[in-house]
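# Results of the structural survey
Residues per chain, in single letters:
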Amino acid sequence: MMSNTIFMHPATYFLIGAVLLPFANRLKLQKVLLLVVPLLAFYQIHHLPASFGVCHFMGFELTFGRVDKLTYVFLHVFTLMALIGSIYGLHVKESGQHMAAFLYVAGSLGTTLAGDYLTLFIFWELMAFASVFLVWYRKRKRSIEAGYRYLLVHTTGGLILLAGIFLRYQNIHDLTFTRIAVDGATTADYLIMIGFMLNAAVPPIHAWLPDAYPEATVTGAVYMCAFTTKTAVYVLARGFPGFTALAILGAIMTVYGVAYAVIENDARRILAYHIVSQVGYMVCGVGIGTAMAVNGACAHAYAHILYKALLFMGVGSVLEMTGKSKLNELGGLYKYMPWSLVFTVIGGIAISGFPLTSGFISKSMIIAAAGVDHRVFIMLMLSLAAVGTFLSVGIKLPYFIWFGNDSGVKAKESYWNMQLGMFIAAFMCIFLGIYPEYLYKMLPYPVTWHPYTSYHLSETFQLLGFTGLGFYLMVKKLKPEPKSNLDLDWFYRKGARVFMWVASKPIGAANDWVGEVYRTVGYRFTLAVARALSWFDWEGIDWVLDGSAKGVVKGGDELRTLQTGKIQHYIGGAAVALCIVLIIVVLI
Amino acid sequence: MIAQLFGYLRDHSVALKWIFFAYLAFTLVFDFFAERHHAHFWGDHIIGFWTLFGIFGCLGMIVVFKGLSHVWLMKGEDYYDE
């Protein structure tokens with residue numbers, strides 16, 4: 001019964017898989033395991049009961065499995081993405097990277113299925129700790145530093161979340177993870193929301209994302225772009241739909257992310273900033289909170305995971321084959337890596353919301369939901385971000401890598417497994433665009449939205465066409481520069497330096513001074529006291545206890561001659577002593 | 001093979017440019033015939049609204065964000081390593 005429940009949980013497969021990977025690597029079966037585990041999990045999520053894995057622990061009721069339509073759509077895309085990521089990373093021999101990825105996916109699935117805050121928190125932290133290894137495995141100094149910053153920020157977020165959970169328990173003695181009413185939200189709930197928002201990279205607590213993701217391994221970034229932020233979108237959609245703060249922050253996010261995507265130079269940093277923008281749509285949809293908006297957020301999460309992973313795979317292919325990801329160092333690669341270009345462009349037009357791609361059928365739902373809810377300003381911000389999306393990721397990124405000025409960089413096309421991973425993701429992008437019902441019927445609420453209306457098509461044709469014209473006119477202004485741009489991580493990256501200065505200069509000096517005082521005054525004082533005590537102990541107490549201390553010292557000297565220092569003598573002695581003890585015990 | 005196709009297209013970029021301009025004209029013509037039953041706000045009633053939004057949004061973003069970058073945000077790549 002219990003084992004049945006354990007194997008019901010899709011995260012179990014990834015946890016066991018992670019443990020078995022090093023052994024499978026020795027047996028040359030790693031590639032098999034990498035494919036079997038996600039496939040099993042993908043099969044398993046279709047056979048989950050509404051509730052399972054309920055157990056009691058130290059007076060708390062833990063629910064490891066709570067399944068409804070909202071859970072299902074995220075489980076579906078997470079397990080599918082794990083399969084695509086595994087295929088894309090098949091050529092990586094290091095088991096450690098795959099283990100980290102599997103644990104990360106397990107954390108994400110566990111969070112999605114958790115029915116209470118404690119279970120959620122455990123898997124939440126597993127995600128953070130597993131994913132940081134995907135950054136560290138790049139093994140460059142910058143990656144190691146970025147990984148530590150990533151871990152510190154997520155630990156802080158985790159503590160805020162935990163504080164919220166504790167407060168909530170103190171207030172209402174209930175840790176069930178359900179929807180929180182907008183009117184009844186307390187400090188505890190807002191702390192939980194902030195913890196979630198940190199993982200969703202909502203400004204001003206977003207800078208960890210563009211800091212860490214560009215430093216991750218090629219395959220690691222493909223996983224990271226899919227799971228952390230979208231798990232956060234899921235928990236926000238579960239707990240906090242209808243919070244207007246989320247709608248406003250989400251709309252700001254969309255433009256904020258795009259702004260940096262327009263000005264950045266490193267291709268993976270452009271994509272990382274663009275995650276902020278895209279997750280903004282989802283956060284905004286959750287914040288609007290109507291059935292259509294939450295549907296849109298879920299649909300967009302599904303579509304976004306696939307095309308953003310596709311873009312990271314395309315750019316990752318270039319990084320893998322050329323060792324470069326900065327736009328100013330690349331150009332003219334269409335001759336050498338044409339298929340990576342085709343797949344990346346499919347990701348680029350999907351993210352821009354071209355008709356017949358997945359972006360068209362998901363993004364429009366959120367924008368229309370904002371319109372239906374009469375939030376015109378938010379709607380216009382989302383539309384503006386759509387313009388910036390096509391500009392930065394749809395055109396600028398592929399143009400300067402594969403066309404632009406010929407950089408002289410020569411490369412081979414990427415490995416077959418990388419191309420297969422890209423092909424599956426690209427196929428899904430177009431499949432969902434042509435057949436949106438496949439996605440719509442998975443959504444938590446019934447869908448009444450039809451994306452392919454003449455007006456919506458007309459709007460999209462114009463927006464994308466004239467954004468293209470804008471790029472054509474300004475292409476010289478957009479020439480990539482080998483620079484990076486300040487963001488809010490400045491505060492803790494430079495702030496840490498202030499902290500270190502305070503620690504080394506004023507505090508260090510004070511410490512030295514105290515140490516000096518101690519050495520000159522305290523040390524002598526201590527020695528004097530010790531001498532006095534020693535004299536008192538030796539002469540005073542021993543005198544009282546009739547010379548026993550002097551006797552022990554004498555006895556110790558005699559005992560020392562018995563010690564030979566050979567281990568067999570000690571073992572033999574111990575055995576003899578044990579026999580004596582046994583005999584005594586038996587006789588008595 | 002596919003690389004040659006891209007090369008061919010690149011060599012004929014002038015033709016592509018005119019195809020692109022023709023497409024832009026088409027989008028405007030198309031907007032005259034689009035059904036506007038579900039207008040969300042005033043802009044949805046104006047023919048060509050999204051044309052203006054697209055071109056001015058795009059140019060505006062390039063000017064504003066690139067400008068911000070150049071006067072304030074842009075630093076050397078090892079700014080934090082110094």
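### Section: the overall build of chain B
Check the secondary structure of chain B and you find three helices and one strand. Ordered by position from N to C terminus, the α and β elements of chain B give α-α-α-β. For 82 residues, the compact-globule formula gives about 12 Å, and the C-alpha radius of gyration of chain B, at 20 Å, lies well above that figure. Counting only C-alpha atoms and orienting by the principal axes, one finds that chain B spans roughly 60 × 45 × 20 Å. Taking all 82 residues of chain B together, the buried fraction comes to 35%.

### A closer look at the overall build of chain A
Looking only at helices and strands, chain A features 23 helices and three strands. With the C-alpha coordinates of chain A rotated into their principal frame, the extents come out at 110 × 60 × 55 Å. Within chain A, the proportion of its 588 residues that are buried is 57%. By element, 71% of the accessible surface of chain A is carried by carbon and sulfur atoms, the whole surface being about 25,000 Å². Of note, chain A has its 43 positive side-chain charges centred 11 Å away from the centre of its 31 negative side-chain charges.

### Notes on the nonpolar core
All names here are of chain A. Counting 200 residues, the largest nonpolar core has Phe196, Tyr213, Tyr302 and Ile401 as the members making the most contacts within it. For this core, the element with the most residues is helix 13 (residues 291–322), which contributes 19 residues. Once you skip the residues sitting within four places of it in the chain, Phe196 turns out to touch Tyr117, Leu120, Trp124, Leu161, Phe177, Ala232, Val235, Leu236 and Phe240.

### Details of the environment of Thr290 of chain A
All names here are of chain A. Inspection of the secondary structure assignment puts Thr290 in the loop between helix 12 (267–288) and helix 13. Through-space distance from the C-alpha of Thr290 to that of Gly314 is 35 Å; in sequence the pair is 24 residues apart. Here Thr290 is in contact with Ala369 and Asp373, once residues within four sequence places are set aside.

### What about the side chain of Thr112 of chain A?
Residues and elements named next belong to chain A. Its place among the elements puts Thr112 in helix 5 (residues 95–113). A polar side-chain atom of Thr112 sits 2.7 Å from the main-chain carbonyl oxygen of Ser108. Excluding its chain neighbours within four sequence positions, the residues that come into contact with Thr112 are Thr71, Phe74, Leu75, Phe78, Thr231 and Tyr234.

### Quick word on the pattern of salt bridges
All names here are of chain A. In total, this model carries 15 salt bridges over all chains according to the counting rule given. A salt bridge links Arg269 to Glu264; the shortest N-O distance between them is 3.8 Å. Residue class for Glu264 comes out buried when judged on its relative accessible area of 3%. Lys335 serves as the salt-bridge partner of Asp406, at 2.8 Å between the closest nitrogen and oxygen. Here Asp406, found in the loop between helix 16 (376–402) and helix 17 (416–434), pairs with Lys335, found in the loop between helix 13 and helix 14 (338–352); they are 71 residues apart in sequence, far enough to count as distant. Classification of Lys335 as partly exposed rests on a relative accessible area of 37%. Residues joined by salt bridges that share partners form a network here, namely Arg149, Asp211, Asp489 and Arg493.

### As for the interface of chain A and chain B
On the side of chain B, 50 residues touch chain A, which itself brings 62 residues to the contact. When chain A packs against chain B, close to 5,100 Å² is buried across both sides, 69% of that on carbon and sulfur atoms. At the boundary of chain A with chain B, the tally comes to three salt bridges. Note that Glu77 of chain B is salt-bridged to Lys326 of chain A, the shortest N-O span being 3.4 Å. The tally of links between chain A and chain B comes to 20 residue pairs in polar contact (both at pLDDT 80 or more). Only helix 7 (141–172), helix 11 (244–263), helix 14, helix 15 (358–372), helix 16, helix 19 (454–474), strand 3 (484–485) and helix 20 (489–504) of chain A provide two or more residues apiece to the side of chain A that touches chain B. For the side of chain A that touches chain B, the leading source of residues is helix 19 of chain A, giving 18 residues. Residues belonging to the side of chain A that touches chain B are distributed by class as follows: 34 nonpolar, 14 polar and 14 charged. Of the strand pairs in this sheet, strand 3 of chain A and strand 1 (residues 74–75) of chain B are connected by two bridges, and their pairing is antiparallel. If you follow Ser484 of chain A over to strand 1 of chain B, its bridge partner there is Lys75 of chain B.

### Some details on the pairing of strand 1 (residues 51–57) of chain A
Residues and elements named next belong to chain A. Pairing between strand 1 and strand 2 (residues 60–66): six bridges, direction antiparallel. Counted as the bridge partner of His56 is Glu61 from strand 2. Connecting the antiparallel pair strand 1 and strand 2 is a turn made up of two residues, with Met58 showing a positive phi of about 50°.

### With respect to helix 1 (residues 2–11) of chain B
Within the sequence span of helix 1 of chain B, burial applies to Ile2, Ala3, Phe6 and Gly7 of chain B. One side of helix 1 of chain B carries all its buried residues, which in axial view fall inside an arc of 150°. In helix 1 of chain B, the exposed positions angled more than 90 degrees off the buried face are occupied by Gln4 and Asp11 of chain B. Elements in contact with the buried residues of helix 1 of chain B: helix 14 of chain A.

### Structural notes on the domain arrangement of chain B
Under the domain assignment, chain B is made up of domain 1 (1–34) and domain 2 (47–76 + 78–82). Computed over C-alpha atoms only, the centres of domain 1 of chain B and domain 2 of chain B are separated by 26 Å.

### Considering the packing of aromatic side chains
Using the criterion set out here, one finds 49 aromatic pairs over all chains in the structure. Of note, Arg493 of chain A hangs over the ring of Tyr80 of chain B, and the distance from its end group to the ring centre comes to 3.7 Å.

### Brief notes about the confidence of the model for chain A
Of all residues in chain A, 91% have pLDDT values of 70 or greater, and the mean over the chain is 91. Per-residue pLDDT, averaged within each element of chain A, yields its smallest value for helix 22 (residues 548–560) of chain A (57) and its largest for helix 4 (residues 69–88) of chain A (98).

### A short note on the state of the cysteines
All names here are of chain A. Summed over all chains, the structure comprises zero disulfides over all chains. In this model Cys298 remains outside any disulfide bridge; the closest cysteine sulfur is found in Cys284, 14 Å from its own. Of the residues examined, Cys298 reaches a relative accessible area of 2% and is grouped as buried. Sulfur of Cys429: no disulfide; nearest cysteine sulfur belongs to Cys225 and is 12 Å away.

### Overview of unusual backbone geometry
All names here are of chain A. In the segment running from Pro203 into Pro204, the intervening peptide bond is cis, with an omega of 10°. Here Pro204 lies in the loop between helix 8 (187–199) and helix 9 (208–212). For Lys28, which is not glycine, the phi torsion reads 60° and is therefore positive. When you line up the elements, Lys28 lands in the loop between helix 2 (10–26) and helix 3 (30–44). Here His374, not a glycine, exhibits a phi torsion of approximately 60°, which is positive.

### Topic: the environment of Ala369 of chain A
Residue and element names in this part refer to chain A. Mapped onto the secondary structure, Ala369 falls in helix 15. A residue is classified by how much of its surface remains accessible, and Ala369, at 1% relative accessible area, is buried. The spacing of Ala369 and Phe403 is 34 residues in sequence and 38 Å in space, taken between C-alpha atoms.

Cut-offs and rules
- Residues numbered from 1 in each chain as written.
- Chains lettered and ligands numbered in written order.
- Predicted model: local features only at pLDDT ≥ 70, side-chain atom pairs only at ≥ 80, totals over all residues.
- Heavy atoms only, no water.
- Helix = DSSP H or I, 4+ residues; strand = E, 2+ residues; numbered from the N terminus.
- Rg over C-alpha atoms; globule rule 2.2 N^0.38 Å.
- Buried < 20%, exposed > 50% of the residue type's maximum accessible area, 1.4 Å probe, protein only.
- Areas by Shrake-Rupley, 256 points an atom, 1.4 Å probe, with all protein chains shown as cover.
- Lys, Arg positive; Asp, Glu negative; His and termini not counted.
- Charge placed at Lys NZ, Arg CZ, Asp CG, Glu CD.
- Core = buried A, V, L, I, M, F, W, Y, C linked by side-chain atoms within 4.5 Å.
- Contact = heavy atoms within 4.5 Å.
- Polar contact = N/O pair within 3.5 Å; in protein donor to acceptor, adjacent residues only side chain to side chain.
- Salt bridge = Lys/Arg side-chain N within 4 Å of Asp/Glu carboxyl O.
- Buried area = accessible area lost by both parts, 1.4 Å probe.
- Nonpolar A, V, L, I, M, F, W, Y, C, P; charged D, E, K, R; others polar.
- Pairing = 2+ DSSP bridges.
- Arc of directions from axis to C-beta.
- Domains from an automatic or database assignment.
- Phe/Tyr/Trp six-rings, centres within 6.5 Å; stacked < 30°, edge-to-face > 60°.
- Lys NZ or Arg CZ within 6 Å of the ring centre and 35° of its normal.
- pLDDT = per-residue confidence, 0-100.
- Disulfide = S-S within 2.5 Å.

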